[in-house]
Amino acid sequence: MSMSDSDSSSHGGEYKNFRQISRDRLLHEMVRSTKTGESKSWKVLIMDKITVKVISCSCKMADITDEGVSLVEDLFRRRQPLPSMDAIYFMQPSRENVVMFLSDMSGRVPLYKKAFIFFSSPVPKELVSLIKNDTSVLPRIGALREMNLEYFAIDSQGFITDNERALEELFGENVENSRHYDVCLNVMASRIATVFASLRELPFVRYRAEKNLDTSTVTTLRDVVPTKLAASIWNCLTKYKTTIPHFPQTETCELLILDRSVDQIAPVIHEWTYDAMCHDLLDMEGNKYVHEVASKAGGDPEKKEVLLEDHDPIWLELRHAHIADASERLHEKMTNFVSKNKAAQIQGSRNGSELSTRDLQKMVQALPQYSEQIDKLSLHVEIAGKINKIIREMDLRELGQLEQDLVFGDAGTKEVINFLRTKQHASPENKLRLLMIYAAVSPEKFEGDKGSKLMQLAKLSPDDMNAVHNMRLLEGSSDAKKNSAGSFSLKFDVNKRKHAARKDRTGEEETWQLSRFYPMIEELVEKLGKGELPKNEYPCMNDPSPTVHGMTQSAPVRNNQVPTAHSMRSRRTATWARPRNSDDGYSSDSILRHTSSDFKRMGQRIFVFIIGGATRSELRVCHKLTTKLKREVILGSSSLDDPPQFITKLKLLSAQELSIDDLRI
């Protein structure tokens, strides 16, 4: 049972978003396809560590059960024999996995009646031969197929390849001598290719080219990471063209491969949307939030785990809204709920003053008939309250203002020093993030002992200083040398516009002060969509024709000049959230209006892959640009990192491995 071309591509049939296609392939093309002949009874699903993560990102346990799976097992755990049941094996095509499968199904008494085998990526011929050579197993195999689905769908428009150590293995200090470099790239390429196998898409593969200032500049392995990944992906796709039924033979979409050097600011700057603040400021594990709820037995509060995911309509509505906008909307929702409930109105009328969000929350929690309806609303009121409390306690508004002023060229060394001297209570992490942003904007200010003095003023630990120093490994070229030439004295502020890291885009859409920042991929994807991405900086692996999608590829844009920042000082106001009436893809109303049904009118997909970890702001931008460009924009990365995670990984770039001597006491 293979998927037809129209099942998942942009051309014909019902248009499904990226995650829906992943789910349908796993449930229908894999699990449901085993319901044939005598094999319509309940089955066991057996997976390895990677494939269990693949399926858990796209499906719920209830989805799998509905398709006739009664038990999910780990391939490498001791399992009870079930000789009357059929088994579905979903696993990576490794020798270790195949040997384990053969031990399950060979001999006189196999663990299961029949086995349906689905490999997550292309299986080597020698492993197929290994299976065929076991004559006792062959009659017991109901199917042997390559699913080519080995990515992790973390969002309706986002996936990761789960290469958590990619930053270290591809950009580390000792990368030239690392045996992990090629292995990491090959695994990443193979998993990215399975995305296009699932969607039946063949992309134009664009990538960030290495930047050499002159012939004397040595190109390092770090410089060519996007080039090597693009070549490896194209090699996989070329094989797919001849091995996968209905795989397109001509290009149907676009893929842009970048690395973390394209934007070193996005991973550490404070993002002010509800989603980003939840993961940045709260102690969350992935999408899991733990909170206390009142015990039904009247005892101590109980801890409850909830997942902030797409199935929660309030989360889906508010996740990309500014935290102030989200807080205000939550208060409105709570007020509306109370206004429609007579019991709450009576209780509220006893107190003539206006009720706070917390009062409203307590009131509705006392109404058992609405407990299910109010649980999610109360949850988000609690979360937003915690975030706003942290913002006040950590004085994040002032820090956020300085961060964005640095990015847009409205602040420099003077303001950084003033902040460090007057805000000594600021947390070490926040001071570190501030200096990392400043180092990304003005790397020459950290040459010699200038950077050391700033970091000493901030009282950074040696470990934190190491993170700032390691940013040089993500330069992507010798841009720092180019920027440092002819710099002015630090005591004159006339040079700060030169160091703007972003062009001011506030003229395009009305924004409030702490919504100014945007990730660089927003600009790059917009240029790609318009056919204006410079070919010399972002060449194409499969060399497209002069016109793509009916648009002529323009000459390279002269964007090597440092953009001039327009001063925002005259526009500063006390307000710091986005206007309620904006419709730029950020606001909750906008997100709810542009549902998946709108995808039917979309153009060809755009994929952007960031090597070394993506951010939640970059994922948000892909949702926004989908609406703006009328093309589904899908973000991929080796991992999805919140600021603390990224900083930890950055510190490891120059970490030395301990020798035996180091471990001796």
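Attention in this report is confined to the structure presented alongside it. Because the structure is predicted, anything quoted here is derived from the model rather than measured. Position labels on residues start from 1 in each chain and follow its written sequence. Totals for whole chains, interfaces and linings use all residues, but because this is a predicted model, local features are given only for residues with pLDDT of at least 70 and pairs of side-chain atoms are given and counted only at 80 or more. For side-chain calculations, the full set of non-hydrogen atoms in the structure is used, while hydrogens and water are omitted.

Re the overall build of the protein
Secondary structure is summarised from DSSP: a helix means a run of H or I of at least four residues, a strand means a run of E of at least two, and numbering begins at the N terminus for each. When its secondary structure is counted, the protein shows 26 helices and 15 strands. Using a 1.4 Å probe on the protein chains alone, a residue whose accessible area is under 20% of its type maximum counts as buried, one over 50% counts as exposed, and one in between counts as partly exposed. Scored against the burial criterion, the 665 residues of the protein give a buried share of 55%. Whether two residues touch is decided by their heavy atoms; if any such pair falls within 4.5 Å, the residues are in contact. In the protein, the proportion of contacts linking residues at least 24 apart, taken out of those at least 6 apart, comes to 80%. Just so you have it, the protein exposes about 30600 Å², and 51% of that area is on carbon and sulfur atoms. Only the protein chains shown count as cover for residues, with accessible areas throughout obtained via the Shrake-Rupley method and a probe of 1.4 Å.

Let's talk about the pairing of strand β14 (residues 603–611)
The buried count for β14 comes to eight of nine residues, which makes it a mostly enclosed element. Sheet topology places strand β9 (residues 253–259) next to β14; six bridges connect them, and they run parallel. Opposite D259, over in β14, you have I611 as the bridge partner. Following DSSP output, two strands are said to pair if at least two bridges run between them. For β14 and strand β15 (residues 631–637), the ladder comprises six bridges, and the chain directions are parallel. Across the sheet, residue G603 finds its bridge partner in β15, namely R631. Whether a crossover is right-handed depends on one test, that the path from the first strand over the helix to the second runs clockwise when the strands point away from the viewer. Between the parallel pair β14 and β15, the chain is carried across by helix α24 (residues 616–629), and the sense of this crossover is right-handed.

Some words on the packing of helix α18 (residues 428–441) against helix α20 (residues 462–469)
As a packed pair, α18 and α20 sit with axes 9 Å apart at the nearest point and diverge in direction by 25 degrees. Considered as vectors, α18 and α20 are oriented roughly parallel to each other. Of the two elements, α18 crosses α20, and the hand of that crossing is right-handed. Within the contact between the two elements, α18 uses P428, L432, M436 and A439 and α20 uses D464, A467 and V468. Partitioning the contact of α18 with α20 into residue classes produces six nonpolar, no polar and one charged. Each axis is a line fitted through C-alpha atoms, and for a helix only the stretch in contact is used; angles between axes span 0 to 180 degrees, taken between their N-to-C directions. Here is the rule for angles: anything less than 35 degrees is roughly parallel, anything more than 145 is roughly antiparallel, 65 through 115 is roughly perpendicular, and the remaining ranges are oblique. Whether a crossing is left-handed or right-handed is set by the direction in which the near helix is turned from the far one by less than a right angle, anticlockwise for left-handed and clockwise for right-handed. As a working rule, the residues Ala, Val, Leu, Ile, Met, Phe, Trp, Tyr, Cys and Pro are called nonpolar, Asp, Glu, Lys and Arg charged, and the rest polar, with Gly in that last group.

Digging into the sheet that holds β15
Taken together, six strands build an open sheet; the order of strands is β6-β7-β15-β14-β9-β8 and the sheet is mixed. A single partner strand is all that each edge strand has here, and the edge strands are β6 (152–155) and β8 (203–207). For this sheet the average axis-to-axis angle between neighbouring strands, irrespective of direction, equals 25 degrees. Pairing analysis gives five bridges linking β8 to β9, with the strands arranged parallel. Bridge pairing in β9 links F204 to E254. α24 rests against β6, β7 (158–160), β14 and β15 of the sheet, and its axis sits at about 165 degrees to β15.

Observations regarding the packing of aromatic side chains
Two rings belonging to Phe, Tyr or Trp (six-membered ring only in the last case) form a pair when the distance between their centres is within 6.5 Å. Interplanar angles under 30 degrees mark stacking, angles over 60 mark edge-to-face geometry, and anything in between is tilted. Going through the model one piece at a time under the given rule, you end up with 11 aromatic pairs. Through successive ring pairs, a cluster of aromatic residues spans F18, Y151, F159 and F609. Sitting above the plane of the F152 ring, K53 keeps its charged end 5.7 Å from the centroid. The ring of Y518 carries R502 above its face, with NZ or CZ at 5.9 Å from the centroid. Counted as over-ring charges are cases with an Arg CZ or a Lys NZ within 6 Å of the ring centre that also lie within 35 degrees of the ring normal.

Description of α18
Each helix should span, by expectation, one fewer than its residue count multiplied by 1.5 Å. Between its first and last C-alpha atoms α18 spans 20 Å; for 14 residues at 1.5 Å apiece the expected length is 20 Å, and the two agree. Among the 14 residues that make up α18, 11 are buried, leaving the element largely enclosed by the rest of the structure. For α18, every residue scored as buried is listed here: N430, K431, L432, R433, L434, L435, M436, I437, Y438, A439 and V441.

Here's the deal with the packing of helix α16 (residues 396–407) against helix α17 (residues 413–422)
Their axes nearest at 10 Å, the elements α16 and α17 cross at an angle of 160 degrees. Between α16 and α17, the angle is such that the two are roughly antiparallel. Here α16 runs over α17; the crossing is left-handed. Of α17, the residues touching α16 (which contributes L399, L402 and L406) are E415, V416 and F419.

Re unusual backbone geometry
The phi angle of most residues is negative, glycine excepted, and most peptide bonds adopt the trans form. With a phi close to 50 degrees, R200 is a non-glycine residue in the positive phi region. One non-glycine residue, H246, adopts positive backbone phi at about 65 degrees. Topologically, H246 is positioned in the loop between α9 (225–243) and β9. A relative accessible area of 45% means that H246 is categorised as partly exposed.

Looking at the nonpolar core
Only buried residues count toward a nonpolar core. Its members are Ala, Val, Leu, Ile, Met, Phe, Trp, Tyr and Cys residues joined through side-chain atoms within 4.5 Å. Of all hydrophobic cores here, the largest spans 152 residues; its most connected members are M30, L170, L229, L237, Y274 and I387. The biggest single contributor to this core is helix α8 (residues 180–199), with 11 residues. Both of domain 1 (18–149) and domain 2 (151–263 + 519–542 + 591–658) provide at least three residues apiece to this core. Counting 22 residues, the second largest nonpolar core, distinct from the first, contains V44, I46, L111 and A115. How far each domain reaches was decided by an automatic or database domain assignment.

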